[in-house]
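# Understanding the architecture of this molecule
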Amino acid sequence: MSEQRYEQARFAAWLGIFGNIFLVALKGVVGWLSGSKALMADAANSASDVAGSVAVLIGLKAANKPPDEDHPYGHGKAESVTAIIVSVLLLLVGLEIGISSIKTIFKGVEASPEMFALVAVAVAIVVKECLFQYNIRLGRKISSQALIASAWDHRTDVLSSIAVFLGVGGAVLGDYLGHTWLYYADPAAGLFVAVLVLRVGYKLVKESIHNAIDHVLHKEDTEDMLETAQRIKGVIVVNELRAREHGHYVIVDIKICVNPRITVMEGHEIGKVVKQQLLRRFSHVSDVMIHVNPYDPGYPYKNNVDSDPAEHPNLLH
């Protein structure tokens, strides 16, 4: 992870931490004073976001560490592990909110929340939508799985806060109209929030686990890399190219064929140029493993670029 990328991601994580701390205090105090179960549940959801943002920050710091003896390919997967932690927190909070809401419904609701609870929910919706837009755009820009997971966590909070707004609004309307059965709209909104949180949490856990496991990119995603390597002077053919994701970056394994009559040093230089070109052109590629093989002399040599044969007497061009 580059220093600039790390600084941008760290700022986004800190922004999420302070934003969620503000919302926890706002929702918790207003929810308690107004008697809104849904708003209290939403406060618990925001509290999990604080822990999630801290986890993102720790993961980003770990991913920024340089390769070492135990991690020769770097610490990029720390972000994937962090994304899993955030997702599991979502599942736990969703389960707790759901249980609390069900208990409230069965116990019975005797009064509606106060009107000012709606103002707190509206503020929460605006703040969370701003955090979502910032995190999702930055996460896609710098290819950070942890930030993208955190962004969708914010979007879940927007949807849950809208549900809370409708639930609190319905209960307040019931008090105004004298329909006490509408009081149940408040805990019902809390239950809806729980289902929504559980659904998104499950989806993020599934995606995060998939990203944490090494998997090879599809052929269409590596065609440009293959063409770039094939155009390098001295490369007769590319036998194989595999690119596997490792956290937020990609590691490439490539086998190239060169003229069997050139020296080992010349073959090494050709492989070095291939590696440099792939690293220079594709910013998401962090390392390239080159295997230089002799081209089978039993087949006609392939000219893939136009050059003067006298200029490179030991090459195939």
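These numbers were taken from a predicted model, which means no experiment stands behind them.

## Some thoughts on the overall build of the protein
Looking only at helices and strands, the protein features eight helices and three strands. Reading the protein from its N terminus to its C terminus gives the helix and strand order α-α-α-α-α-α-α-β-β-α-β. Out of the 317 residues in the protein, the part that is buried amounts to 46%. For the protein, contacts bridging at least 24 residues in sequence account for 72% of all contacts bridging at least 6.

## Some points on the pattern of salt bridges
Evaluated as defined, the whole model comprises six salt bridges. For R244, the salt bridge identified is with D253, shortest N-O distance 2.6 Å. Judged by relative accessible area, R244 falls into the buried class, the value being 19%. The class of D253 is partly exposed, set by a relative accessible area of 24%.

## So, the packing of aromatic side chains
In this description, an aromatic ring pair is defined by two values, namely the gap between the centres and the angle between the planes. Inspection of every chain in the model, using the stated rule, returns three aromatic pairs. Here the aromatic rings of F11 and Y134 are separated by 6.2 Å at their centres, their planes lie at 75°, and the arrangement is edge-to-face. You can see F11 sitting in helix α1 (residues 3-34) and its partner Y134 sitting in helix α4 (residues 117-141), a full 123 residues away along the chain. A relative accessible area of 49% places F11 in the partly exposed class. With centroids separated by 5.7 Å and ring planes inclined at 25°, the aromatic side chains of W14 and F18 adopt a geometry described as stacked. Taken together, the positions of W14 and F18, both in helix α1 and four residues apart, correspond to about one turn of that helix.

## Points about the nonpolar core
By size, the foremost hydrophobic cluster in this structure holds 24 residues, and its most contacted members are L39, I97, V164, V168 and V193. When residues of this core are traced back to their parent elements, those giving at least two are α2 (37-63), α3 (78-107), α4, α5 (145-177) and α6 (185-212). Residues within four places of V193 in sequence aside, it is in contact with I97, S160, A163 and V164. Formed by 19 residues, the second largest nonpolar core is a distinct cluster that contains V235, I254, V258 and L278.

Rules behind the numbers
Residues numbered from 1 in each chain as written. Predicted model: local features only at pLDDT ≥ 70, side-chain atom pairs only at ≥ 80, totals over all residues. Heavy atoms only, no water. Helix = DSSP H or I, 4+ residues; strand = E, 2+ residues; numbered from the N terminus. Buried < 20%, exposed > 50% of the residue type's maximum accessible area, 1.4 Å probe, protein only. Contact = heavy atoms within 4.5 Å. Salt bridge = Lys/Arg side-chain N within 4 Å of Asp/Glu carboxyl O. Phe/Tyr/Trp six-rings, centres within 6.5 Å; stacked < 30°, edge-to-face > 60°. Core = buried A, V, L, I, M, F, W, Y, C linked by side-chain atoms within 4.5 Å.

By themselves these figures say nothing about function.
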